[in-house]
Amino acid sequence: MSLLLVIGVLFSGTMQAQEPSDKKDTKKKEAKNDESKKPVVALLPKPIIIVNIASIERILQDIDLIFELAERPEIAEIASASLANVNDLEGLDQDKNLGVELFLKTGLIPQPVFVAFLPITKMRTFIDTLEAMIPGDEESIKKNPDRDDVYTVQGRRGESTIRLQNEYAHMLFRGGEAEESLEMITSRDFGDPSQQFQNLTSEYDLAVKLDLSGVPELMRTTFLGFFRTAIETQLQQRDGETNSAYELRRLSGKQNLDGLEYFLNEGQELILGAHIDKEQKLGFIDFQIKARPNSDLAREIKNLPGKASYFSVITSRENLPIAASASMNIAKRERKSYHAFLSLFEKQLSEKLLSEEERLQNTNSVQQFFGPLKSMVEKGHIDLFAQLVATPSRKFALIGGIKVAPSPNLPTAILDLVNRVDKISENKANIYTNAGTVQGIALHQLQPDIKSPDDQQKRFLGGVPSLYVGADSQVIWFAMGTDIAVSALSEAIEKINTATPEERKEQRTAPFQVEFHLKPWLSLFSEEEVEQGGDFMKTVNAAFQKGNDQIRLTTQLTETGVRTRFQFDSGYLQLLGYGIARRFDDGQKRRARREQNRAKKKLPQPDK
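Residues numbered from 1 in each chain as written. Predicted model: local features only at pLDDT ≥ 70, side-chain atom pairs only at ≥ 80, totals over all residues. Heavy atoms only, no water.

Asker: Lay out the overall build of the chain in plain terms, naming residues and giving numbers.
Answerer: Along the chain, the regular secondary structure elements total 23 helices and 20 strands. In the chain, which comprises 608 residues, the share counted as buried stands at 40%. Sequence separation of at least 24 residues holds for 66% of the intrachain contacts in the chain that already meet a minimum separation of 6. (Helix = DSSP H or I, 4+ residues; strand = E, 2+ residues; numbered from the N terminus. Buried < 20%, exposed > 50% of the residue type's maximum accessible area, 1.4 Å probe, protein only. Contact = heavy atoms within 4.5 Å.)

Asker: Break down a positive patch on the surface for me, with residues and values.
Answerer: Together, Arg582, Arg583, Lys589, Arg590, Arg591, Arg593 and Arg594 give the surface a local cluster of positive charge. Looking at where arginine 593 falls in the secondary structure, it is placed in helix α23 (residues 570-602). (Patch = residues over 30% accessible without salt bridge, like charges linked within 9 Å, V, L, I, M, F, W, Y side chains within 5 Å. Areas by Shrake-Rupley, 256 points an atom, 1.4 Å probe, with all protein chains shown as cover. Salt bridge = Lys/Arg side-chain N within 4 Å of Asp/Glu carboxyl O. Lys, Arg positive; Asp, Glu negative; His and termini not counted. Charge placed at Lys NZ, Arg CZ, Asp CG, Glu CD.)

Asker: If you had to explain the pairing of strand β14 (residues 429-438) to someone new, which residues and values would you point to?
Answerer: The pairing of β14 with strand β15 (residues 441-448) spans seven bridges and is classified as antiparallel. Bridge pairing in β15 places alanine 429 opposite proline 448. Linkage of β14 to β15, two consecutive antiparallel strands, is achieved through a turn of two residues, within which glutamine 439 is found at a positive phi near 55°. (Pairing = 2+ DSSP bridges.)

Asker: So what's going on with the pairing of strand β19 (residues 550-557)? Which residues, and what values?
Answerer: Summarising the sheet, strand β18 (residues 512-517) and β19 pair through six bridges and their orientation is antiparallel. Within β19, the position partnered with phenylalanine 512 by the bridge is threonine 555. Sheet topology note: the β19/strand β20 (residues 561-568) ladder contains seven bridges and is antiparallel. Along β20, the bridge assignment pairs arginine 552 with glutamine 567.

Asker: Which residues make up the packing of helix α9 (residues 217-234) against helix α10 (residues 243-266), and what values do they have?
Answerer: Two elements in contact, α9 and α10, have axes whose closest approach is 11 Å; the angle formed by their N-to-C orientations is 175°. It follows that α9 is roughly antiparallel to α10 by the angle criterion. On α10, the residues that touch Glu217, Arg220, Phe223, Leu224, Phe227, Arg228, Ile231, Glu232 and Gln234 of α9 are Arg249, Leu257, Asp258, Leu260, Glu261, Leu264 and Asn265. Across the contact of α9 with α10, the residue classes tally to seven nonpolar, two polar and seven charged. (Axes fitted to C-alpha atoms, helices over the stretch in contact; angles between N-to-C directions. Parallel < 35°, antiparallel > 145°, perpendicular 65-115°, else oblique. Nonpolar A, V, L, I, M, F, W, Y, C, P; charged D, E, K, R; others polar.)

Asker: Which residues make up the pattern of salt bridges, and what values go with them?
Answerer: Throughout the structure, instances matching the rule amount to 27 salt bridges. Across the salt bridge formed by aspartate 585 and arginine 72, the nearest N and O atoms sit 2.9 Å from each other. Remark: arginine 72 occurs in the loop between α3 (56-69) and α4 (73-81) and aspartate 585 occurs in helix α23; sequence separation between them is 513 residues. Aspartate 585 gets classed as partly exposed once you look at its relative accessible area, which sits at 25%. Residues aspartate 128 and arginine 124 are paired through a salt bridge, measuring 3.1 Å at the closest nitrogen-oxygen approach. You can see aspartate 128 and its partner arginine 124 sitting in helix α5 (residues 123-133), four residues apart, about one turn around the helix. Exposure remark for arginine 124: the relative accessible area of 47% places this residue in the partly exposed category. A network of salt bridges, in which partner residues are shared, links Arg228, Glu232, Lys254, Asp258 and Glu261.

Distances and angles like these do not, on their own, reveal function.
Printed below as a string of structure tokens:
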């Protein structure tokens with residue numbers, strides 16, 4: 001039997017070895033046909049990320065304006081002339097939008113696929129331009145023999161596929177196997193990018209959009225699962241980390257994780273866009289969130305603006321070095337997070353300042369201090385301000401206040417807390433209760449144990465800064481600086497108390513706003529110091545004048561969500577032009593030195 005089995009195996013092997021070649025070819029063809037019948041991995045119906053450039057012409061206009069403000073228009077001309085190196089972008093429509101779309105392949109683990117969209121006027125000329133843009137001589141662009149609207153780019157970096165549709169060239173960057181890439185791009189209707197992204201083009205010169213509406217629920221849930229596991233692993237207590245520090249880090253990390261998960265479930269779009277207004281000579285950077293229709297996030301955003309701010313009279317002051325204000329409602333979901341933070345701080349402060357018996361009392365000073373803050377959060381409204389004020393002596397002082405739920409015990413609670421801090425052995429500050437009075441409000445001073453101020457404290461604050469804190473029945477006030485801080489706070493409170501009804505009607509429209517002016521900071525330096533500060537200080541001083549030095553951050557509602565906008569005055573555009581021009585000049589100098597060195601090396605050596 002064993003002999004017969006061995007003979008059978010050998011015979012079978014011999015028969016396979018002697019199989020005719022035509023049968024082999026037939027099997028190969030069948031295998032190839034079976035492979036071609038496999039379903040091609042499809043793309044999600046919509047791109048999840050879009051990078052949109054309004055047009056080449058608008059970008060060139062932005063460049064012209066920046067260098068015009070910097071008084072270096074010749075650099076803009078050089079930039080325009082450099083387009084000759086890429087065939088002057090012939091074949092591209094320079095008045096239409098262009099950019100890149102990021103699609104995801106269907107499947108449990110998403111894989112990115114990048115497709116560029118480029119507006120074209122003439123295909124042959126566009127190919128010449130594309131060949132000029134591709135580095136090296138190994139790349140080639142060929143038309144697909146079976147389709148008039150498909151081209152392939154082949155070379156050492158792989159293969160890319162170009163599909164023509166709606167006067168746009170849609171270019172798939174190395175999308176995998178050639179057959180798969182071709183199927184991906186030819187089976188899809190990309191539409192007309194000039195229409196699809198018209199909103200981005202009309203609002204921004206450059207925009208990046210994250211679109212969550214086309215992501216399947218399973219893919220979104222899987223991503224959140226992986227992300228949550230990774231974050232929760234990082235939220236474990238570290239070796240040597242104190243319990244209080246761990247609790248604060250864990251609470252903060254959990255809030256960030258819940259916020260991200262909430263946005264991915266409730267949000268629809270996120271847009272980051274930049275734009276330069278040529279007429280007003282202003283720069284804008286926007287961060288927009290669009291919520292899903294009828295979602296909880298949409299309702300929360302709609303209710304974001306709060307009632308009139310208690311501090312509205314002083315938040316409208318202009319030309320402050322820095323000023324921030326907020327008067328907005330808190331969403332129910334966020335109230336729990338804020339309440340948890342306040343409870344944590346209350347617990348830690350109680351353990352630090354109170355005895356165990358005092359912590360059991362419902363009327364201790366820590367509870368009387370945090371009670372109005374918690375009530376404010378529970379009512380769902382935040383109202384606060386902070387300002388860095390420039391005094392006549394050209395020194396700065398920080399003042400601010402936060403509106404809380406009315407409580408007659410608040411001033412007494414703060415006094416008791418300050419006295420308890422004074423008794424802590426590790427306390428290194430000099431504490432003076434009732435160190436001053438502003439508009440009938442007692443201020444308590446906490447001064448660091450420093451004998452003499454350093455150079456920065458002298459320059460910006462006029463001496464060693466102290467923290468002043470006090471309260472009336474509904475506002476916690478604070479100031480930081482030297483004695484001038486107390487005067488600045490007194491002036492602000494007096495302005496609030498004596499404001500007329502007409503003045504109180506003047507409201508800022510943004511629920512949250514921050515303003516920054518650079519000119520007051522420059523006034524801290526003498527002309528001699530500016531001269532000694534080198535080219536950078538001279539450049540900054542030349543770029544900014546009163547009226548062109550503001551950066552404003554505002555958070556406001558839109559029709560479909562909320563927008564946070566950074567607005568830059570012309571001085572910052574001018575400074576950007578100065579900076580680029582300086583780098584350009586440095587590059588020109590380096591290039592000239594290299595040319596001189598090459599010329600010296602080519603000179604004949606003198607006879608010895």
